[in-house]
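# Structural overview
This is what each chain is made of:
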Amino acid sequence: NDFSSAALIFAELMKDEPGNVDFARRYAELTLWSGNHESSLEIYRQLLIEDISRTSLWQGFLDAAAGAQTKASRDLELCAEIGKRLNLTDSDDTELLSRLASVLLSAGQPKQAIALLENVIRQSPRDRRARLLLADTLNGLGKYRQADQHYTALLGNVQQARQSGA
């Protein structure tokens, strides 16, 4: 496909300029878009190990991590560091927080994911995707009453949308 072809071009460019972060980022993006999450994750991991403050890489890293079948312990450490930095800035990037929560859930860290999802819902109460993920996570942990509150809120949001659209 076109993404794979473009990724090969950037792989060649990276050989000529191995320290070029922009080439590496583009290569990681193209690798991700071509469906190779594991390879993309390796590239993002290395870039973030070099400098975790490269916030423009966080979204791609989290997308690659979410799609990868396996995650290295270092990936989880990077996720934790991104989470700390997001909380330190009291991030209002609910999409990034939701992605991070998804990665944490897939890595078996539901408590940390719940905290992020609760933050997303405080900032964006109508975020159905985050609320459903939170409700399902709580339900899976046996916290049925809390899960039910979010399922009920989801139904209320759907009914409101139907009434306003009618």
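Look a little higher up for the structure.
Residues numbered from 1 in each chain as written. Predicted model: local features only at pLDDT ≥ 70, side-chain atom pairs only at ≥ 80, totals over all residues. Heavy atoms only, no water.

Turning our attention to the packing of helix H6 (residues 94-106) against helix H7 (residues 110-123). Remark: H6 packs on H7, axes separated minimally by 8 Å, with the N-to-C direction vectors making an angle of 160°. Our classification of the angle between H6 and H7 gives roughly antiparallel. The way H6 lies across H7 gives a crossing that is left-handed. Contact residues: Thr94, Leu97, Ser98, Leu100, Ala101, Leu104 and Leu105 in H6; Pro110, Gln112, Ala113, Leu116, Leu117, Asn119, Val120 and Gln123 in H7. For the contact of H6 with H7, the residue count by class is 10 nonpolar, 5 polar and no charged. (Axes fitted to C-alpha atoms, helices over the stretch in contact; angles between N-to-C directions. Helix = DSSP H or I, 4+ residues; strand = E, 2+ residues; numbered from the N terminus. Parallel < 35°, antiparallel > 145°, perpendicular 65-115°, else oblique. Left-handed = near helix turned anticlockwise from the far one by under 90°. Contact = heavy atoms within 4.5 Å. Nonpolar A, V, L, I, M, F, W, Y, C, P; charged D, E, K, R; others polar.)

It is worth spelling out the nonpolar core at this point. Formed by 36 residues in total, the largest nonpolar core has its most connected members in Leu48, Phe61, Ile82 and Leu100. Among the secondary structure elements, those contributing two or more residues to this core are helix H2 (21-33), helix H3 (37-50), helix H4 (58-67), helix H5 (73-88), H6, H7 and helix H8 (128-140). With residues up to four places along the chain from it excluded, the contact list for leucine 48 reads Arg54, Leu57, Trp58, Phe61, Leu78 and Ile82. (Core = buried A, V, L, I, M, F, W, Y, C linked by side-chain atoms within 4.5 Å. Buried < 20%, exposed > 50% of the residue type's maximum accessible area, 1.4 Å probe, protein only.)

Before going further, it helps to spend a moment on the environment of serine 40. Structurally, serine 40 can be placed in helix H3. Along the chain, serine 40 and glycine 67 lie 27 residues apart, while their C-alpha atoms are 9.9 Å from each other. Look past the residues within four positions of serine 40 in its chain and what remains in contact with it is Ala28, Thr31, Leu32 and Ala64.

For the pair H3 and H4, the least separation of the axes is 8 Å and the interaxial angle reads 140°. When the axis of H3 is compared with that of H4, the two are oblique. Note on packing geometry: the crossing formed by H3 with H4 is left-handed. For the pair H3 and H4, the contacting residues are His37, Ser40, Leu41, Tyr44, Arg45 and Leu48 in the first and Trp58, Gly60, Phe61, Asp63, Ala64, Ala65 and Gly67 in the second. Each residue belonging to the contact of H3 with H4 can be placed in one class, and the counts come to 7 nonpolar, 4 polar and 2 charged.

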